[in-house]
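# Observations on chain architecture
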Amino acid sequence: MMKRVLRLGVNIDHVATIRNARGGPDPDPVRAAKLAAKAGADGITAHLREDRRHITDSDITRLVSEIDLPLNFEMAATVEMLDIAQRHRPHAACLVPEKREERTTEGGLDVVGGFDRLKPFVDALGEAGCRVSLFIEPALAQLDAAVAIGAPVVELHTGRYANLEGAAREAELGRLRDAAAHCDAVGLECHAGHGLTFDNVAPVAAIPLVMELNIGHFLIGEAIFGGLDSTIKRMRALMDKSRAAAQGEQSA
Ligand code: PXP
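Quick summary incoming for the structure in this document. (Residues numbered from 1 in each chain as written. Predicted model: local features only at pLDDT ≥ 70, side-chain atom pairs only at ≥ 80, totals over all residues. Heavy atoms only, no water.)

Right, let's get into the overall build of the chain. The helix and strand tally for the chain stands at 11 helices and eight strands. By the compact-globule yardstick of 18 Å for 252 residues, the chain fits well, its C-alpha radius of gyration being 17 Å. Counting over 252 residues, the chain shows a buried share of 50%. In the chain, the proportion of contacts linking residues at least 24 apart, taken out of those at least 6 apart, comes to 67%. Just so you have it, the chain exposes about 11,600 Å², and 54% of that area is on carbon and sulfur atoms. (Helix = DSSP H or I, 4+ residues; strand = E, 2+ residues; numbered from the N terminus. Rg over C-alpha atoms; globule rule 2.2 N^0.38 Å. Buried < 20%, exposed > 50% of the residue type's maximum accessible area, 1.4 Å probe, protein only. Contact = heavy atoms within 4.5 Å. Areas by Shrake-Rupley, 256 points an atom, 1.4 Å probe, with all protein chains shown as cover.)

Pasting the structure below:
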């Protein structure tokens, strides 16, 4: 069997978005997480937003107690969220910027500008046993600040890459590659995510130093047409194929 070096974290937020549209219990994001685990996900990601627009506090409680996979808890750097993370001690805590008026996480965390404000959160999450990750743009200055602040992991924001086309997309892919190489040089574990789909995942999966992709919105939307199990399996297969081809090119 091929050694799996690229993990897939399945973000289940938007199962909760659909549930909350009606206010009842269905569809259940924890059921989706269990199904994702069976389909080949390596981890589950959930973002408890300040406004609870999708994932709720009780979803997090259930995910922690009912799911065997590592939970990547996405959170804003606020006292309320820190308190929740300290109570649940998820495997990973990913700090993201959060604005109430945004539809999704727009842009990465400014670790350079927010260093002093963020540092106590990074320290406290680390002390709680969480692997701290910072969701940042692929900019070298942000990576250096992530090292200085003491985070072991960064997640590169691929939203800009996903939204661009042609030469501009290639240029952004170059920034992602450079950032991943810089992570390796400075000892950061490199993850990536946001806006990834069947059509655009391969070039990101091919970046050899990226260890994990976190994918949500597309998987949940596509599951309407193909089912969650086969959608996750297809994403997994596309990632593995692209990574294996890139590794073949490297060793050739
Ligand atoms: N990674 C982070 C840090 C995110 O905030 C999100 C969106 O919640 C994702 C990955 C997944 O993005 P998408 O839902 O576009 O796949």
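What follows is about the layout of surface pockets. One number sums up the size of the second largest pocket: a volume of about 220 Å³. Along the walls of the second largest pocket sit 19 residues, with Arg7, His91, Ala92, His191 and Glu212 positioned nearest its centre. The class makeup of the residues in the lining of the second largest pocket is five nonpolar, eight polar and six charged. (1 Å grid on protein atoms, 1.4 Å probe; cavity = no way out; pocket = protein on both sides within 12 Å on 5 of 7 lines; lining within 4 Å. Points joined across faces, edges and corners; volume = space filled by probe spheres on them. Nonpolar A, V, L, I, M, F, W, Y, C, P; charged D, E, K, R; others polar.)

This next bit is on the nonpolar core. Leu63, Leu134 and Leu213 are the most contacted members of the largest nonpolar core, which has 73 residues in total. Look past the residues within four positions of Leu63 in its chain and what remains in contact with it is Ile12, Val30, Ala33, Ile44, Ala46 and Leu71. (Core = buried A, V, L, I, M, F, W, Y, C linked by side-chain atoms within 4.5 Å.)

On to the site of the ligand, then. The environment of the ligand is made up of 13 residues, and the closest members are Glu74, Glu155, Gly195, Gly216 and His217. Asn11 has a polar side-chain atom sitting 3.3 Å from an oxygen atom of the ligand. Within the side chain of Glu74, one N or O atom sits 2.8 Å away from an oxygen atom of the ligand. Out of a free accessible area of 400 Å², the ligand has 95% covered by protein chains. Residue composition of the shell around the ligand, grouped by class: three nonpolar, seven polar and three charged. (Near = heavy atom within 4 Å. Polar contact = N/O pair within 3.5 Å; in protein donor to acceptor, adjacent residues only side chain to side chain.)

So, about the packing of aromatic side chains. Scanning all chains against the criterion turns up one aromatic pair. Ring centres of Phe198 and Phe218 lie 4.8 Å apart, and the angle between their planes is 75 degrees; on these two criteria the pair is classed as edge-to-face. Highlighted residues: Phe198 in the loop between strand 7 (189–193) and helix 9 (201–205) and Phe218 in helix 10 (residues 217–226), separated in sequence by 20 residues. For the cation-ring pair, Arg169 lies above Tyr161, with the distance from its terminal atom to the ring centre recorded as 4.9 Å. In this structure, Arg234 is placed above the aromatic ring of Phe198, and the distance from its NZ or CZ to the ring centre is 4.2 Å. (Phe/Tyr/Trp six-rings, centres within 6.5 Å; stacked < 30°, edge-to-face > 60°. Lys NZ or Arg CZ within 6 Å of the ring centre and 35° of its normal.)

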